[in-house]
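Here is what each chain is made of, one letter per residue.
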Amino acid sequence: MGKKMRRFFDKNQRSILLWISGGYCSNCRARLDKGFHADHVFAYTHGGKTITNNGQALCVICNLKKGSK
Ligand SMILES: [Zn+2]
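Residues numbered from 1 in each chain as written. Predicted model: local features only at pLDDT ≥ 70, side-chain atom pairs only at ≥ 80, totals over all residues. Heavy atoms only, no water.

Going by the annotation in an unreviewed UniProt entry, the name recorded for the protein is HNH endonuclease, with Polynucleobacter meluiroseus given as the source organism.

Written out as structure tokens, the structure reads:
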């Protein structure tokens, strides 16, 4: 086993995800502010990695909706 994968995207990864998204929520296309959530496309709890290839920028509302499912 390698070192344990971090649970959260760091500041650098967040800025990459924001750049990829063009500044809009990947789900509802709402304009994102600085408080956007960096979300795992494939859930961390199911083995999804904390890498930008497995990340997307979501607005707070979409991320909370997703979390409640
Ligand atoms: Zn959204």
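Resuming the write-up.
### Quick notes on the coordination of the zinc ion
Taken together, the protein donors to the zinc ion comprise Cys-25 (SG), Cys-28 (SG), Cys-59 (SG) and Cys-62 (SG), at separations of 2.3 Å. Mapped onto the polypeptide sequence, the residues donating to the zinc ion form the spacing pattern C-x2-C-x30-C-x2-C. For Cys-28, a relative accessible area of 41% translates into the label partly exposed. (Donors = N, O, S within 2.8 Å, 3.2 Å for Na, K, Ca; no water. Buried < 20%, exposed > 50% of the residue type's maximum accessible area, 1.4 Å probe, protein only.)

### Description of the confidence of the model for the protein
Low-pLDDT stretches of the model should not have their predicted coordinates read in fine detail. Averaged over all residues, the pLDDT of the protein is 93; the fraction at 70 or higher stands at 93%. Looking over the protein, one finds the lowest element-wise mean pLDDT in helix H2 (residues 60-67), namely 91, and the highest in strand S2 (residues 55-58), namely 98. (pLDDT = per-residue confidence, 0-100. Helix = DSSP H or I, 4+ residues; strand = E, 2+ residues; numbered from the N terminus.)

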